Amino acid sequence: MPRFCSRYSCLAIPFLLVWLLGWAAAPAVAADTVNAYSIWPENWARPMFQEFEKATGIKVNFVRFSSGEALARVIHEKNNPQVDVLFGGPVETHAAGIKEGIFEPYKPPSFNVLPPRFRHSEGQWVAIADDPLVFMSNNTFLKEHNLKPPASWGDLLDPAYKNMIQMADARTSGTAVTRIFSVLETYGRDEEKAFDYMKKLRPNVQLYTKSGGGGTLPVGLGQAGAGIFFIVDALDTKAKGYDVTISFPKEGIGTSAEAIALLKGAKNPELGKKLIDWAASPAMQSLFAKYKINFVPAHPEVKIEPSLAEVLKGAKIFPIDDAFAGANRKRIVERWVNEVLNPK
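It should be emphasised that the depicted structure is a prediction, and the values quoted were computed from it without experimental measurement. (Residues numbered from 1 in each chain as written. Predicted model: local features only at pLDDT ≥ 70, side-chain atom pairs only at ≥ 80, totals over all residues. Heavy atoms only, no water.)

Peer 1: Quick question: what am I supposed to make of helix α9 (residues 231–239) here?
Peer 2: Think of an α-helix as turning once every 3.6 residues; residues three or four places apart then point the same way. Counting buried positions along α9 gives seven out of nine residues, so the element sits mostly inside the fold. Residues I231, V232, D233, A234, L235, D236 and T237 constitute the buried set of α9. On the buried face of α9, the contacting elements are α2 (42–56), β4 (126–138), α8 (216–221), β7 (226–230), β8 (244–247) and α12 (306–312). Just downstream of α9, G241 is the residue with a positive phi angle, here 100 degrees. (Buried < 20%, exposed > 50% of the residue type's maximum accessible area, 1.4 Å probe, protein only. Helix = DSSP H or I, 4+ residues; strand = E, 2+ residues; numbered from the N terminus. Contact = heavy atoms within 4.5 Å.)

Peer 1: I would appreciate a short explanation of the domain arrangement of the protein in the present structure.
Peer 2: It is common to report an interface's size as the accessible area lost on association of the parts. Domain parsing of the protein yields domain 1 (33–130 + 257–304) and domain 2 (132–255 + 319–341). For domain 1 and domain 2, the distance between their C-alpha centres works out to 25 Å. Each side of the interface is counted separately: domain 1 has 23 residues, and domain 2 has 24 residues. Between E69 and K210 there is a salt bridge, with its nearest N and O atoms 3.0 Å apart. (Domains from an automatic or database assignment. Salt bridge = Lys/Arg side-chain N within 4 Å of Asp/Glu carboxyl O.)

Peer 1: Help me understand the nonpolar core in this model?
Peer 2: Buried together is how nonpolar side chains tend to be arranged in soluble globular proteins. One finds W40, F87, I260, M284 and W336 to be the most contacted residues of the largest nonpolar core, which totals 107 residues. Taken domain by domain, this core gets at least three of its residues from each of domain 1 (33–130 + 257–304) and domain 2 (132–255 + 319–341). Setting aside residues up to four positions removed in sequence, I260 forms contacts with V85, L86, F87, G88, H94, W125, V126, I128, L275, I276 and A279. (Core = buried A, V, L, I, M, F, W, Y, C linked by side-chain atoms within 4.5 Å.)

Peer 1: Help me out: how do you make sense of the side chain of Q166 in this one?
Peer 2: With respect to the secondary-structure elements, Q166 resides in strand β5 (residues 165–168). Looking at Q166, its side chain comes within polar contact range of the side chain of Q206, at 2.6 Å. Excluding anything up to four places from it in sequence, Q166 contacts Q206, L207, T209, G214, G215, P218, A224, A226, G227, I228 and F229. (Polar contact = N/O pair within 3.5 Å; in protein donor to acceptor, adjacent residues only side chain to side chain.)

Peer 1: When you look at the packing of helix α6 (residues 174–186) against helix α7 (residues 191–201) in this model, what are you seeing that I'm missing?
Peer 2: Geometrically, a packed helix pair is captured by the angle between its two axes and the distance between the axes. Here α6 crosses α7 at 125 degrees, and the two axes come no closer than 8 Å. Considering the angle they form, α6 stands oblique to α7. Taken as a pair, α6 and α7 cross one another with a handedness that is right-handed. Along the contact surface, α6 presents I180, V183 and L184, while α7 presents E191, A194, Y197 and M198. Across the contact of α6 with α7, the residue classes break down as six nonpolar, no polar and one charged. (Axes fitted to C-alpha atoms, helices over the stretch in contact; angles between N-to-C directions. Parallel < 35°, antiparallel > 145°, perpendicular 65-115°, else oblique. Left-handed = near helix turned anticlockwise from the far one by under 90°. Nonpolar A, V, L, I, M, F, W, Y, C, P; charged D, E, K, R; others polar.)

So this is what it looks like as structure tokens:
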């Protein structure tokens, strides 16, 4: 958690007066501040939180972590939560958190309006966006190797990609977990076939990055030839002017709901609920287009931004089964580490 300014050290006046003023002011500060761990990068989370403060007067203090880091942190702090809300991140992360008993069920006003896959039946989490995975390739690399943009999972096994693919590390990144479960679904949950594919892909992987979007810049610069990323990261790279192509595998690829959840034992639960109310409503999700954040809105009343809809047109995308992923996440990630990342 960030260190907030102590009321005993901000003013150079006598100790007793500081104490009295601080004591009087403390409830107002606490009442107007909600604390969060954000899995969304700061450049996406900050404008959302600033808009929330404009709308409600409630300030959001937040720290950004990758999904795996955030999950480990809230589990470690479950007996003394340091934040009120876990904001964003693939729903598989939240599903794993349910097993650890870290969330307080809460159903915002939009709960019954959301499609079933965008809400936990008991209110352990609700979705605030959807985020499909994509393949992203560097166009110069493709031309130099006489390749077309990959249109199949098998295309990434081409020897031309040897040591030229970047993707996220499942020990820290929710993007990676979604990717692994996408491969599992593609192979009908046949783990042997899925892991055989990932082992074959391993020699082509140059680097497994800490965060889900960590490989986008190297692909954009041509330091890597291709990678698998969430569409929000890939389109952000393209929008910055990098010469990349986004494609989808014909077998299909997974999409994961981005969720928000109230932590059990939160010190500011009512303010946390207000943040959830806002995030799960059109009030926040209609701002994605304004800030050029290419998430697919979860709320059915918010239309997909036209250019994003065009990219998704014709793609075969399937939702990751959050219950299956949550129940098997730890075991599957451990197997990936032992058999794919660091085979013995």
